[in-house]
Amino acid sequence: MKLNDLAYWQERAASLSIQRLAYIDGRFVDAVSGATFAAFSPIDGRKLADVAACQSEDVDLAVAAARRAFEAGVWSRLHPRERKQCLLRLSQLIAQHGEELALLETLDMGKPIADAVLYDVPETVKCFAWYAEAIDKQYDEIAPTGEDALATITREPVGVVAAVVPWNYPLMMAAWKIAPALAVGNSVVLKPAEQSSLSALKLAELAQQAGIPAGVFNVTPGLGAAAGKALGLHMDVDCIAFTGSTLTGKRFMEYSSQSNLKRVWLECGGKSPHIVFDDCPDLDKAAQAAAAGIFSNQGEVCIAGSRLYVQDTIYDSFMARVQHFAGAMSPGDPLDPRVAMGAIVDEPQMRKVLAYIDAGVREGAALRSGGKQVRSASGGYYIEPTIFDCSSQDLSIVREEIFGPVLAAQKFSTEEQAIALANDSQYGLGSGLWTANLGRAHRVSRRLRAGLVWVNCYMDGDITVPFGGVKQSGFGRDKSLHALDKYSDLKTTWFNLGS
Ligand code: NAD
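No experiment lies behind these values; they were computed from the predicted model shown. (Residues numbered from 1 in each chain as written. Predicted model: local features only at pLDDT ≥ 70, side-chain atom pairs only at ≥ 80, totals over all residues. Heavy atoms only, no water.)

**Some remarks on the domain arrangement of the protein chain**
This is how it is decided: Domain start and end points were adopted from an automatic or database domain assignment. Two residues form a contact once any of their heavy atoms are found within 4.5 Å. Here the buried area means the combined drop in accessible surface, using a 1.4 Å probe, for two parts upon being joined, counting both sides. Residues adjacent in sequence count toward polar contacts only when both atoms are side-chain atoms; beyond that, a polar contact is any pair of N or O atoms within 3.5 Å, and within protein one must be able to donate a hydrogen and the other to accept it.
For the protein chain, the assigned domains are domain 1 (6-268 + 474-491) and domain 2 (273-462). Contact residues are listed per partner, giving 27 residues for domain 1 and 29 residues for domain 2. Both sides together, the interface formed by domain 1 and domain 2 hides about 2200 Å², and carbon and sulfur atoms give 58% of it. For the pair domain 1 and domain 2, the interface holds nine residue pairs in polar contact (both at pLDDT 80 or more).

**A short note on helix H6 (residues 170-184)**
The condition is simple: Counting from the N terminus, the helices are DSSP H or I runs at least four residues long and the strands are E runs at least two residues long. How far a helix is expected to stretch is found by multiplying one less than its residue total by 1.5 Å. Bend, at a single residue, is the angle you get between axes fitted to the 7 residues ending at that residue and the 7 residues starting at it. Exposure is judged per residue with a 1.4 Å probe applied to protein chains only, and the accessible area is read against the type maximum: over 50% gives exposed, under 20% gives buried, and values in between give partly exposed.
The terminal C-alpha atoms of H6 lie 22 Å apart, and with 15 residues this matches the ideal 21 Å at 1.5 Å per residue to within 8%. At tryptophan 176, H6 shows its strongest bend, of approximately 25°, with the proline proline 180 following within four residues. Counting buried residues along H6, 15 of its 15 residues qualify, which places the element largely inside the surrounding structure.

**Digging into unusual backbone geometry**
In the Ramachandran plot, lysine 471 falls in the positive-phi region, its phi being about 50° despite a non-glycine side chain. By the element assignment, lysine 471 lies in strand E22 (residues 470-471).

**Quick look at the nonpolar core**
Which entries qualify depends on this criterion: Buried residues of nine kinds, namely Ala, Val, Leu, Ile, Met, Phe, Trp, Tyr and Cys, make up a nonpolar core once their side-chain atoms join them within 4.5 Å.
Membership of the largest hydrophobic core comes to 110 residues, with the highest contact counts inside it found for Ile212, Phe217, Leu308, Phe318 and Val322. Take this core: its biggest share by element is twelve residues, from H6. Of the domains in this structure, domain 1 (6-268 + 474-491) and domain 2 (273-462) are the two that each give at least three residues to this core. Beyond its immediate stretch of four places on either side in the chain, phenylalanine 217 contacts Tyr23, Ile178, Val188, Leu190, Leu203, Ala204, Ala207 and Ile212. Ile275, Ile397, Ile402 and Val406 belong to the second-largest nonpolar core, a separate cluster that totals 29 residues.

**Regarding the site of the ligand**
To keep things clear, this is the line we draw: By convention in this text, a residue qualifies as near a molecule or strand provided that one of its non-hydrogen atoms is within 4 Å of it. Methods summary: accessible areas were calculated by the Shrake-Rupley approach with a probe of 1.4 Å, and residue burial reflects only the protein chains presented. Both site types are read off a 1 Å grid over the protein atoms alone. A 1.4 Å probe that fits but cannot get out defines a cavity, while an open set with protein on both sides within 12 Å along at least five of seven lines defines a pocket; lining residues have an atom within 4 Å of a point. Cavities and pockets are treated as containing a molecule whenever more than half of the molecule's atoms lie within 2 Å of their grid points. We call Asp, Glu, Lys and Arg charged. Ala, Val, Leu, Ile, Met, Phe, Trp, Tyr, Cys and Pro are nonpolar, and the rest, Gly among them, are polar.
Within the structure, the ligand sits among 30 residues, and Lys191, Glu194, Ser245, Thr248 and Glu401 are positioned closest to it. Glycine 224 places a main-chain nitrogen or oxygen 3.3 Å from a nitrogen atom of the ligand. Relative to its free-state accessible area of 850 Å², the ligand is covered by the protein chains to the extent of 90%. Comparing atom positions with the cavity grids shows the ligand to sit within the largest pocket. Elements that contribute at least two residues to the shell around the ligand include exactly helix H8 (224-233), strand E10 (239-243) and helix H9 (246-258). Residue classes in the shell around the ligand are distributed as 15 nonpolar, nine polar and six charged. If you count residues domain by domain, the shell around the ligand takes at least three from each of domain 1 (6-268 + 474-491) and domain 2 (273-462).

**A few points about the sheet that holds strand E24 (residues 488-496)**
Selection criterion: Whether two strands pair comes down to DSSP finding at least two bridges between them.
Across the sheet, three strands lie side by side as E5-E6-E24; this open sheet has antiparallel pairing. This sheet does not close on itself; its edge strands, each paired only once, are strand E5 (141-142) and E24. With two bridges joining them, E5 and strand E6 (residues 149-157) adopt antiparallel strand pairing. Bridge pairing in E6 links glutamate 141 to isoleucine 153.

**Let's talk about the packing of aromatic side chains**
Selection criterion: When the centres of two rings from Phe, Tyr and Trp lie within 6.5 Å, Trp using its six-membered ring, the rings pair. Their planes under 30 degrees apart give stacked, over 60 give edge-to-face, and anything left gives tilted. For a Lys NZ or an Arg CZ to count as sitting over a ring, it must be within 6 Å of the ring centre and within 35 degrees of the ring normal.
Taken as a whole and assessed by the stated rule, the structure comprises ten aromatic pairs. A ring pair is formed by tyrosine 23 and phenylalanine 28, whose centres lie 4.7 Å apart and whose planes are at 35°; its orientation type is tilted. Relative accessible area serves as the criterion here: at 2%, tyrosine 23 is assigned to the buried category. Taking the relative accessible area as the measure of exposure, phenylalanine 28 reaches 21% and is therefore partly exposed. On the basis of an interplanar angle of 90° and a centroid distance of 5.1 Å, the ring pair of tryptophan 130 and tyrosine 131 is categorised as edge-to-face. Under the relative-accessibility criterion, tryptophan 130 is labelled partly exposed at 24%. Given the relative accessible area of 0%, tyrosine 131 is considered buried. Grouping aromatic residues by their ring pairs yields a cluster made of Phe242, Phe252 and Tyr255. Above the ring of tyrosine 382, the side-chain terminus of arginine 375 is found at 4.6 Å from the ring centroid. Just above the ring of phenylalanine 277 sits the side chain of arginine 440; from NZ or CZ to the centre is 4.2 Å.

**A look at the pattern of salt bridges**
Quick reminder of the rule: Here, a salt bridge means any side-chain nitrogen of Lys or Arg that lies within 4 Å of a carboxyl oxygen of Asp or Glu.
Overall, the coordinates contain 34 salt bridges when judged by the stated rule. Across the pair arginine 440 and aspartate 279 runs a salt bridge, and its minimum N-O distance is 3.2 Å. Highlighted residues: arginine 440 in helix H15 (residues 438-447) and aspartate 279 in the loop between strand E12 (273-276) and helix H10 (283-295), separated in sequence by 161 residues. Residue glutamate 384 pairs with lysine 372 through a salt bridge whose shortest N-O separation is 3.6 Å. Taken together, the positions of glutamate 384 in the loop between strand E16 (382-383) and strand E17 (386-389) and lysine 372 in the loop between strand E14 (366-369) and strand E15 (373-374) put the pair twelve residues apart, joining distant regions of the chain. In the salt-bridge network here, residues are joined through shared partners; they are Arg67, Glu71, Asp236 and Asp238.

**Remarks on the side chain of serine 91**
You can see serine 91 is positioned in helix H3 (residues 80-96). Overall, the relative accessible area of 4% leaves serine 91 in the buried class. Setting aside chain neighbours within four positions, we find serine 91 in contact with Val125, Phe128 and Ala129.

**A closer look at the side chain of lysine 262**
You can see lysine 262 is positioned in the loop between H9 and strand E11 (263-267). Within the local environment of lysine 262, its side chain forms a polar contact with the backbone oxygen of glycine 232, the two atoms lying 2.6 Å apart. Only 2.8 Å separates the side chain of lysine 262 from the side chain of serine 259, close enough to count as a polar contact.

**So, the sheet that holds strand E21 (residues 454-455)**
Spelled out, the test is: A fitted line through C-alpha atoms represents every axis, and for helices the fit uses only the stretch in contact; the resulting angles, taken between N-to-C directions, go from 0 to 180 degrees.
Strand order in this open sheet of seven strands is E14-E17-E18-E13-E12-E20-E21, and the pairing throughout is mixed. Each end of this open sheet is capped by a strand with a single partner; those strands are E14 and E21. Where strand E20 (residues 432-434) and E21 come together, two bridges link them in parallel fashion. Bridge pairing links leucine 433 to valine 455 in E21. The strands that helix H12 (residues 347-362) touches are E17 and strand E18 (406-412); relative to E17, the one it contacts most, it runs at about 25°.

Structure representation (structure tokens):
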């Protein structure tokens with residue numbers, strides 16, 4: 001991988017072949033209606049492709065193919081070792097095509113190429129390999145019955161799983177759903193976000209090459225209100241695995257109740273608190289993590305530490321350090337491997353973030369740094385890392401998920417107050433705290449209402465641990481062996497052994 005050569009990535013981008021067709025029943029096809037939607041690059045606003053815009057008739061075809069494959073048992077009843085081999089091949093193909101996939105992510109949604117190469121792609125490779133390796137090591141259960149009976153509790157695939165995913169980590173979010181769902185033996189229909197369909201369609205090419213049978217894995221790109229809604233309301237989809245905003249998550253609950261009561265797993269929004277106590281063991285490390293925690297991936301991260309709470313005794317000196325590290329993250333061309341912050345995904349998202357910045361100023365927060373759109377001559381969408389000093393929880397920039405590079409910092413004085421401020425949110429996804437006091441680390445981490453707590457670090461993790469939230473951040477967990485439960489049903493079989 002050429003990690004210091006802008007010209008290399010520009011050249012590769014210019015000659016990249018882009019798949020624009022839906023993948024249904026093992027074939028790449030246009031939408032039945034012939035409709036398309038344009039994929040634009042947020043780097044410079046240029047059109048990348050006209051992507052097949054799937055609607056309900058295309059979703060019907062994909063779900064029917066998925067069901068046929070499931071019932072035929074070409075995947076669902078394969079020996080787990082054979083599914084493992086196939087998913088390992090897919091993992092290897094993703095690694096081999098890592099540069100193309102990374103480029104598609106960067107061109108399509110604006111993330112820095114270095115992040116796509118060093119994080120998104122390797123994590124996706126690892127995710128497929130890990131679930132492949134896990135699936136032939138799962139045992140079922142036998143209940144403690146009397147000697148006249150044998151009761152087995154077995155895990156069965158649920159059937160047809162629809163994965164509906166967002167645009168911030170397109171490939172990785174898809175992998176977190178698809179890999180465990182396929183490993184268990186389900187058929188899958190993936191609906192990528194309309195802002196970032198291209199890596200999902202490349203993934204379909206690789207799945208075909210890896211030998212995943214026709215119909216087992218399908219990709220139906222399209223608008224949320226068309227393809228996404230059709231999956232949500234479909235009478236033959238057994239399970240929706242959703243990652244996206246809380247608003248859309250609620251819609252999927254409604255779709256389920258209006259249709260076949262399909263199970264719905266939701267990974268939704270966040271407004272994660274990051275707490276720094278004055279006994280923090282390393283203030284520079286914490287400040288760097290606070291800056292990276294909100295500005296990496298342009299702040300378009302569900303677990304972004306968007307609320308920073310700093311003990312009053314160190315507030316001024318700590319915020320000066322955060323500002324210093326933020327300064328090193330000013331946005332640039334995401335194809336430049338030295339750039340740490342790229343483009344905002346599209347113009348509406350950029351406008352939304354700028355409107356929140358205006359609201360912050362209007363509602364009385366003090367703008368410490370950033371706050372402006374930059375690089376507009378590029379034709380793309382870029383915003384400076386932005387830091388506000390806040391003195392109230394009631395500001396919209398403190399309460400609402402912005403999904404952009406905007407940090408709302410506040411002082412606190414006591415441990416109790418820090419916990420209360422951190423928990424004062426409709427969301428409960430990530431959270432972080434920095435302290436050298438072991439007792440405090442345990443006390444506070446237990447009381448934070450969040451699915452994830454980082455102590456003396458932020459955003460660290462691994463495929464081995466669950467990922468997800470509480471409150472309106474959703475329920476269900478991606479990653480780890482626990483994710484396999486989302487895509488399995490428990491079946492009890494009672495054998496009468498009586499004489
Ligand atoms: P979104 O809710 O707008 O879209 C997510 C997906 O839902 C897309 O595929 C979209 O096409 C589809 N969709 C949109 N409207 C729909 C509708 N009416 N019916 C059916 N489907 C519809 O979210 P987004 O803007 O793509 O992503 C940002 C959000 O995702 C943020 O809130 C972020 O916090 C969240 N997110 C959460 C996690 C997590 O693990 N909890 C991870 C990444 C992103």
